[in-house]
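A closer look at the structure
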Amino acid sequence: MWMQFSNGFAYLLSEAKNDNSMTKLKLIYEGKAKKIFETDDPALYIQEFKDDATAFNALKRGTITGKGAVNNKISSVLFQHVEKEGIPTHFVKQLSDREMLIRKVQIIPLEVTVRNITAGGMSKLLGIEEGIRLKEPVYEIHYKKDALADPLINEEHALALGLATRAELETIRQYALRVNDFLRKFFEKLNIDLVDFKLEFGRAGAQIILADEISPDTCRFWEKGTGRKLDKDRFRRDLGDVESAYQEMLEKVTGKLG
Ligand code: UDP
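Note that the structure is predicted; figures quoted are calculated from it, not measured.

Examining the packing of helix 2 (residues 67-84) against helix 7 (residues 242-253)
Where helix 2 contacts helix 7, the two axes come as close as 10 Å, and the packing angle between them is 25 degrees. Taken as axis vectors, helix 2 and helix 7 run roughly parallel relative to one another. In this structure, helix 2 crosses over helix 7, and the sense of that crossing is left-handed. Contacts between helix 2 and helix 7 involve Lys67, Val70, Asn71, Lys73, Ile74, Val77 and Leu78 on the former and, on the latter, Tyr246, Gln247, Met249, Leu250 and Val253. Residues belonging to the contact of helix 2 with helix 7 are distributed by class as follows: 8 nonpolar, 2 polar and 2 charged.

Points about the site of the ligand
The environment of the ligand is made up of 15 residues, and the closest members are Arg115, Gly121, Asp196, Arg220 and Arg236. At a separation of 2.7 Å, an oxygen atom of the ligand approaches a polar side-chain atom of Arg115. Here Gly121 contributes a backbone N or O atom positioned 2.6 Å from an oxygen atom of the ligand. Calculation on the ligand without its partners gives an accessible area of 500 Å², and the protein chains cover 77% of this total. At the level of secondary structure, the elements contributing two or more residues to the shell around the ligand comprise strand 11 (110-117), helix 3 (120-126), strand 14 (192-204) and strand 16 (219-223).

Rules used throughout
- Residues numbered from 1 in each chain as written.
- Predicted model: local features only at pLDDT ≥ 70, side-chain atom pairs only at ≥ 80, totals over all residues.
- Heavy atoms only, no water.
- Axes fitted to C-alpha atoms, helices over the stretch in contact; angles between N-to-C directions.
- Helix = DSSP H or I, 4+ residues; strand = E, 2+ residues; numbered from the N terminus.
- Parallel < 35°, antiparallel > 145°, perpendicular 65-115°, else oblique.
- Left-handed = near helix turned anticlockwise from the far one by under 90°.
- Contact = heavy atoms within 4.5 Å.
- Nonpolar A, V, L, I, M, F, W, Y, C, P; charged D, E, K, R; others polar.
- Near = heavy atom within 4 Å.
- Polar contact = N/O pair within 3.5 Å; in protein donor to acceptor, adjacent residues only side chain to side chain.
- Areas by Shrake-Rupley, 256 points an atom, 1.4 Å probe, with all protein chains shown as cover.

Listed below in structure tokens is the structure:
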């Protein structure tokens, strides 16, 4: 059966694949929070979300029970919203609790962040307190390099190193700011301040598409009014109630709470 996706691509899916029995083949990548597997379709991968958590460039390690399933579901919901906003993503469909079928992309080695409120790296870098509402969203690119803890770079560095073309960098910037516009309003309605988040993009042929995940691992979520943190900072900073914070965000995003 031919499936037409909003990103303009059409895939021929067998009946077997439609009932979620996509064959998982070789493990091709294992990161801190996810595994990527080949499938019997060369254009598609399976992304599996783990409960493992790391922070401070993997100096701190732990497990957040149920995190894999929560992040898979939250990312699946948010990717579908973002697609509707006209931003192509690697999301094809959710296969199971922890598995997502994704389009194969070549990841661009940049961690793209957008900030609405000061926190984390920006507060540290500039010596300013956390929690200041920024007059404009701050767009940043970081070079994906674990050994250097993903240093902040500018577009000239990215161009000079050949990480992406000028046109690709402009597309990435536009997409990231549009994702911010959408997510900020989406979370506003759920009584959550979207403080900042990180995105990764990939190439599928000539097209730039949003990849990776959008979850409490990669975003900072603060409850409006109280400032209560509902994201990975609960793990990073030993604030307790980590699992319940992730569950709470799942319930909000899926419309079961909030
Ligand atoms: N972030 C991420 N992966 C990283 C670094 C940051 O997902 O390797 C997210 C982080 O959760 C936050 C945003 O990107 O929502 C900005 O992070 P920041 O630069 O402040 O770094 P941090 O202090 O979190 O290391």
